[in-house]
Amino acid sequence: MKNQLILLGLLIGTSSAQGLKDLAAPRNLDVGAAINMFQLMDNPDYTDILEKDFNVVVAENAMKMDASQPQRGEFNFALGDLLSSYAQKNNMKLRGHTLLWHEQVPKWMTDGNFGKDELEEVMKNHIQTVASHYKGRVYAWDVVNEAISDSGGMRDTLWRRTLGDDFIARAFRYAREADPNAKLFYNDYNSETMNRKSNDIFEMVKKLKADGVPIDGVGMQMHLTLVAPPSITEIQQNMKRLEGLGLEVHITEFDVRTTGFMGTVAERNAATAKLYKDVVNVCLQAKNCTTFIVWGVTDGQSWLKAGSPLMWDAFFKPNPAYFAVQEALQGK
Ligand code: XIL
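Residues numbered from 1 in each chain as written. Predicted model: local features only at pLDDT ≥ 70, side-chain atom pairs only at ≥ 80, totals over all residues. Heavy atoms only, no water.

Enquirer: It is not clear to me how the state of the cysteines should be interpreted in this structure. Could you clarify?
Expert: In a disulfide, the sulfur atoms of two cysteines are covalently bonded to one another. Scanning the entire structure with this criterion turns up one disulfide. Between Cys-283 and Cys-289 runs a disulfide, and the two sulfur atoms are separated by 2.0 Å. One quick way to see it: the torsion about the S-S bond of Cys-283 and Cys-289 is about -95°, and its sign makes the bridge left-handed. Taking relative accessible area as the criterion, Cys-289 reaches 5% and is therefore assigned buried. (Disulfide = S-S within 2.5 Å. Buried < 20%, exposed > 50% of the residue type's maximum accessible area, 1.4 Å probe, protein only.)

As structure tokens, this is what we get:
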């Protein structure tokens with residue numbers, strides 16, 4: 001009797017301990033979350049969820065340029081190192097976000113009025129100092145973030161204006177020099193379906209590959225909108241064409257903007273859950289889609305600040321989206 005009880009306890013224990021990452025592992029999928037460092041440091045409800053459900057972490061803000069090089073030549077790796085040791089301790093992978101972006105850049109950069117040579121040096125030094133620092137700890141970097149415009153062509157950023165279109169190729173080469181083993185990604189939003197922006201990205205990464213630039217994958221941020229959901233078939237097609245180039249796909253910043261939805265909260269949550277499930281399924285089916293990362297843990301901390309974009313509500317209770325992802329991973 002006693003043994004049976006122990007066995008029963010073990011069984012119950014094991015089944016309730018099956019986090020998303022455990023269900024995802026046999027399907028060759030990593031499951032990650034963007035980390036709010038304040039929550040990580042002092043909220044056990046938050047870290048309980050992380051440790052049960054995720055095997056990838058990425059800093060929501062802590063490893064961006066304004067955080068990591070607040071003054072020219074003065075780097076601050078305190079928060080990134082904290083996240084890195086947390087990841088190591090908990091057997092999680094650390095994803096790096098991001099080496100080069102036009103937002104969240106330090107003031108000395110935007111005010112710098114740098115000429116071409118000086119800005120090139122700033123870019124190279126930033127990429128190489130940060131990538132070298134995290135060498136062997138960051139398994140994949142978003143090397144360049146959001147460099148394509150929503151209305152077609154290259155986005156007009158401070159990098160491109162001064163350095164020209166090929167700053168992207170050089171950014172990847174600098175990153176590879178600094179850390180030969182990290183996977184290098186181009187990352188962007190509104191580019192998951194077959195549209196103008198994803199076509200531009202496709203052409204760009206195709207050219208990078210053809211030119212021998214070290215790029216391993218494309219990050220699809222997937223900040224989705226419930227009232228205008230993407231075509232799942234087109235996501236599949238888009239992943240497929242990137243597979244044709246030998247590129248991996250990571251879903252890097254998944255969340256669902258639920259504002260504007262007409263219906264009850266229950267209906268809204270059900271529709272959100274379905275979108276989560278459809279996207280996890282399309283990723284599971286695509287050979288090159290290896291990672292599903294949500295942009296935050298609870299609705300209360302989401303940058304979207306409204307509705308229920310994430311898998312947990314503001315009280316750390318799982319939303320229907322959580323169970324939908326669980327089902328997708330179980331093949332249900
Ligand atoms: C967002 C963070 O979530 C916010 O906390 C911050 O104020 C602004 O940036 N695309 C990206 C992310 O690549 O870095 C952004 O993160 C969301 C959009």
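This is not the end of the story, as more comes after the structure.
Enquirer: Hey, could you run me through the pattern of salt bridges in this one?
Expert: Side-chain pairs of opposite charge can arise whenever the charged atoms involved come near each other. Across all of its chains, the model carries 18 salt bridges by this definition. For Glu-118, the salt bridge is made with Arg-72, and the minimal N-O distance between the two is 2.9 Å. With Glu-118 in helix α8 (residues 116–133) and Arg-72 in the loop between α5 (65–68) and α6 (78–89), this residue pair connects regions lying 46 residues apart in the sequence. Classification of Glu-118 by relative accessible area gives partly exposed; the value is 36%. Classification of Arg-72 as partly exposed rests on a relative accessible area of 41%. With a closest N to O distance of 3.2 Å, Lys-197 and Asp-188 form a salt bridge. Judged by relative accessible area, Lys-197 falls into the buried class, the value being 3%. Accessibility expressed as a relative area gives 0% for Asp-188, which makes it buried. Overlapping salt bridges bring together Glu-120, Asp-166 and Arg-170 as one network. (Salt bridge = Lys/Arg side-chain N within 4 Å of Asp/Glu carboxyl O. Helix = DSSP H or I, 4+ residues; strand = E, 2+ residues; numbered from the N terminus.)

Enquirer: Explain the packing of aromatic side chains to me, please; I cannot follow it from the model alone.
Expert: Inspection of every chain in the model, using the stated rule, returns ten aromatic pairs. When the centroid spacing of 5.8 Å and the interplanar angle of 15° are considered together, the rings of Phe-75 and Phe-77 count as stacked. Among the residues examined, Phe-75 registers a relative accessible area of 23% and is labelled partly exposed. The exposure class assigned to Phe-77 is buried, which follows from its relative accessible area of 13%. Aromatic side chains Tyr-322 and Phe-323 sit 5.4 Å apart centroid to centroid with 90° between the ring planes, which places their arrangement in the edge-to-face category. Take Tyr-322: its relative accessible area is 4%, and that puts it in the buried class. Looking at Phe-323, the relative accessible area reads 40%, which means it is partly exposed. Lying across the ring of Phe-185, Arg-95 places its NZ or CZ 4.9 Å from the centre. Residue placement shows Lys-197 over the ring face of Tyr-189; its charged tip is 3.4 Å from the ring centre. (Phe/Tyr/Trp six-rings, centres within 6.5 Å; stacked < 30°, edge-to-face > 60°. Lys NZ or Arg CZ within 6 Å of the ring centre and 35° of its normal.)

Enquirer: Hey, could you run me through the packing of α8 against helix α10 (residues 167–178) in this one?
Expert: Close contact between α8 and α10 brings their axes to 8 Å; oriented N to C, the two are set at 35°. Our pair here, α8 against α10, has a crossing hand that is right-handed. Here α8 contributes Glu-120, Met-123, Lys-124, Ile-127, Gln-128, Ala-131 and Ser-132 to the contact with α10, which in turn contributes Phe-167, Arg-170, Ala-171, Tyr-174, Ala-175, Glu-177 and Ala-178. Considered class by class, the residues forming the contact of α8 with α10 number eight nonpolar, two polar and four charged. (Axes fitted to C-alpha atoms, helices over the stretch in contact; angles between N-to-C directions. Left-handed = near helix turned anticlockwise from the far one by under 90°. Contact = heavy atoms within 4.5 Å. Nonpolar A, V, L, I, M, F, W, Y, C, P; charged D, E, K, R; others polar.)

Enquirer: What should I look at first to understand the confidence of the model for the chain in this one?
Expert: Close reading of the predicted structure is inappropriate where its pLDDT is low. On average, the chain scores 95 in pLDDT, and the residues at 70 or more come to 95%. This model gives residues 5–15 a pLDDT under 50, and the stretch forms zero contacts once residues within four places in sequence are excluded. (pLDDT = per-residue confidence, 0-100.)

Enquirer: Before we go on, may I ask you to explain the side chain of Ser-191 in this structure?
Expert: Relative to the elements of secondary structure, Ser-191 occurs in the loop between β5 (183–188) and α11 (196–210). A polar contact is formed between the side chain of Ser-191 and the backbone oxygen of Asp-188, at a distance of 3.4 Å. Setting aside residues no more than four positions away along its own chain, Ser-191 makes contact with Lys-197, Ser-198, Ile-201 and Asn-238. (Polar contact = N/O pair within 3.5 Å; in protein donor to acceptor, adjacent residues only side chain to side chain.)

Enquirer: Sorry, what's going on with the site of the ligand here?
Expert: As a matter of local geometry, the ligand sits amid 13 residues, with Glu-60, Lys-64, His-97, Glu-253 and Trp-295 nearest to it. For the ligand, an oxygen atom lies 2.7 Å from a polar atom in the side chain of His-97. At 2.9 Å from an oxygen atom of the ligand is found a side-chain nitrogen or oxygen belonging to Asn-145. Look at the ligand: alone it shows 410 Å² of surface, and the protein chains cover 80% of it. In terms of residue class, the shell around the ligand is made up of three nonpolar, six polar and four charged. (Near = heavy atom within 4 Å. Areas by Shrake-Rupley, 256 points an atom, 1.4 Å probe, with all protein chains shown as cover.)

Enquirer: Which parts of the structure should I look at to understand a nonpolar patch on the surface?
Expert: Together, Phe-38, Met-41, Leu-79 and Leu-82 make up an exposed nonpolar region whose accessible area comes to about 400 Å². Of all the secondary-structure elements, those providing two or more residues to the nonpolar patch are α3 (37–42) and α6. Topologically, Leu-79 is positioned in helix α6. Classification of Leu-79 by relative accessible area gives partly exposed; the value is 36%. (Patch = residues over 30% accessible without salt bridge, like charges linked within 9 Å, V, L, I, M, F, W, Y side chains within 5 Å.)

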